[in-house]
Amino acid sequence: MKNDDKKSEKNSSADNVDEYLQTLGNEDARELRYYSQEQAFSTDELSAVINERRLNELLAQSDEFLSSLNGEIRDFDDQV
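Residues numbered from 1 in each chain as written. Predicted model: local features only at pLDDT ≥ 70, side-chain atom pairs only at ≥ 80, totals over all residues. Heavy atoms only, no water.

Comments concerning the overall build of the chain
Part 1: When helices and strands are counted, the chain shows four helices and zero strands.
Part 2: Secondary structure elements in the chain, listed N-terminal to C-terminal, are α-α-α-α.
Part 3: Among the 80 residues that make up the chain, the fraction classed as buried is 2%.
Part 4: Here the chain displays about 7700 Å² of accessible surface, and carbon together with sulfur accounts for 51% of that area. (Helix = DSSP H or I, 4+ residues; strand = E, 2+ residues; numbered from the N terminus. Buried < 20%, exposed > 50% of the residue type's maximum accessible area, 1.4 Å probe, protein only. Areas by Shrake-Rupley, 256 points an atom, 1.4 Å probe, with all protein chains shown as cover.)

Here's what the structure looks like:
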């Protein structure tokens, strides 16, 4: 029985490869296949992998960067 299970797993993998190869030339089919493989994550799953302290540091840095960039743009507009 184990041999039958292994054989069906191999067939499944081969089928997946064949399906993928057939979609290579078709952009719509490739995009549909890509998005059909997406997985939704629950809030609990996301909170388990997100480092909240680091995320807050990155958000603060991005705020500083955008503020600085905004100032540079205003200075550029004043010079023109």
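With respect to the pattern of salt bridges
Part 1: Applying the stated rule across the entire model yields two salt bridges.
Part 2: Note that Arg 53 and Glu 57 form a salt bridge whose closest N and O atoms lie 2.5 Å from each other. Residue Arg 53 and its partner Glu 57 are located together in helix α4 (residues 52-79), separated by four residues, close to a single helical turn.
Part 3: A residue is classified by how much of its surface remains accessible, and Glu 57, at 33% relative accessible area, is partly exposed.
Part 4: Residue Glu 57 pairs with Arg 54 through a salt bridge whose shortest N-O separation is 3.2 Å. Here Glu 57 and its partner Arg 54 are both found in helix α4, three residues apart, which amounts to about one turn of the helix.
Part 5: For Arg 54, a relative accessible area of 36% corresponds to the partly exposed category. (Salt bridge = Lys/Arg side-chain N within 4 Å of Asp/Glu carboxyl O.)

Quick notes on a negative patch on the surface
Part 1: A cluster of acidic residues, Glu 72, Asp 75, Asp 77 and Asp 78, forms a negative patch at the surface.
Part 2: Mapped onto the elements, Asp 75 comes out in helix α4. (Patch = residues over 30% accessible without salt bridge, like charges linked within 9 Å, V, L, I, M, F, W, Y side chains within 5 Å. Lys, Arg positive; Asp, Glu negative; His and termini not counted. Charge placed at Lys NZ, Arg CZ, Asp CG, Glu CD.)

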